[in-house]
Amino acid sequence: MVNHQTISQSTARLSADDLAALRENLREQRLFRQEQVQQLSGPVTSRTEDRLQQRAASQIEVHIKLAASAHMVLADVEAALARMDDGTYGTCHLCRRPIDRERLLIVPQARFCARCQQVKEAIP
């Protein structure tokens, strides 16, 4: 569980305890997403096949989008764990400044600081 302690500076560097808690959070997310991907991408049995044929096309589309989203989040979580291992975790990929501790506590797999994320999302 991530510890949400209040700190005086929003740009304070991550402590060893912060990193340990964030790593554990990311590992838990990875396990959840791996299970989700397995459930959504599992082999189709004849019984499942019958149910899929009965679903509306929109339900099948939602299922496909959920599987794709689960794959993307799993990749983001694994990339964050790799950044922890190589020492680049918590640094914005665009501006190279530290990502705010509070942002990482909320979105541990964040690649960008809040400002750069807004800029990235504003570009079509």
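Structure first, text after, so check above.
Here the structure is a predicted model, which means the values were calculated and not measured.

Undergrad: Residues and numbers for the state of the cysteines, please.
TA: Considering all chains together, one arrives at zero disulfides under this definition. Its sulfur unpaired, C92 is 3.7 Å from the next cysteine sulfur, which belongs to C116. Between C116, a free cysteine, and C113, which holds the nearest cysteine sulfur, the sulfur-to-sulfur gap is 3.6 Å. Take C116: its relative accessible area is 10%, and that puts it in the buried class.

Undergrad: Mind laying out the layout of surface pockets, listing which residues take part and the relevant values?
TA: For the second largest pocket, the calculated volume is near 150 Å³. For the lining of the second largest pocket, a count of residues per class yields three nonpolar, two polar and four charged.

Undergrad: Tell me about the pattern of salt bridges, residues and numbers included.
TA: Taken as a whole, this structure holds three salt bridges when the rule is applied. Here R101 ties to D18 by a salt bridge, and the two come within 2.8 Å at their closest N and O atoms. Of this pair, R101 sits in helix 4 (residues 101-106) while D18 sits in helix 1 (residues 16-41), and the two are 83 residues apart along the sequence. Where D85 meets R23, a salt bridge forms, and the shortest distance between an N and an O atom there is 3.0 Å. Taken together, the positions of D85 in helix 3 (residues 57-86) and R23 in helix 1 put the pair 62 residues apart, joining distant regions of the chain.

Undergrad: Lay out helix 1 in plain terms, naming residues and giving numbers.
TA: Here helix 1 contains 26 residues, and its C-alpha end-to-end distance of 36 Å stays within 8% of the 38 Å for a straight helix at 1.5 Å per residue. Turning to helix 1, its buried residues are D18, A21, L22, N25, L26, Q29, Q36, V37 and L40.

Calculation notes
All residue numbers refer to position in the chain's written sequence, counted from 1. Owing to the predicted nature of the model, reporting of local features is limited to residues with pLDDT of at least 70; listing and counting of side-chain atom pairs is limited to 80 or more, with chain, interface and lining totals taken over all residues. Note that the side-chain values use all heavy atoms of the structure and ignore hydrogens as well as water. To count as a disulfide, a pair of cysteine sulfur atoms needs to be within 2.5 Å. In this scheme, a residue with accessible area under 20% of its type's maximum is buried, one over 50% is exposed, and one in between is partly exposed, where area comes from a 1.4 Å probe on protein chains only. Residues are called lining when one of their atoms sits within 4 Å of a cavity or pocket point, these points coming from a 1 Å grid over the protein atoms alone, where a cavity is a set in which a 1.4 Å probe fits but cannot get out and a pocket is an open set with protein on both sides within 12 Å along at least five of seven lines. Grid points are joined across faces, edges and corners, and a volume is the space filled by probe spheres set on the points. Classification convention: Asp, Glu, Lys, Arg as charged; Ala, Val, Leu, Ile, Met, Phe, Trp, Tyr, Cys, Pro as nonpolar; all other residues, Gly among them, as polar. Between Lys or Arg on one side and Asp or Glu on the other, a salt bridge is scored when a side-chain nitrogen of the former is within 4 Å of a carboxyl oxygen of the latter. The helix and strand labels rest on DSSP assignments: H or I over at least four residues marks a helix, E over at least two residues marks a strand, and numbering proceeds from the N terminus. The span you would expect from a helix comes to 1.5 Å times its residue count less one.

So far we have only geometry, and geometry alone does not tell us how the molecule works.
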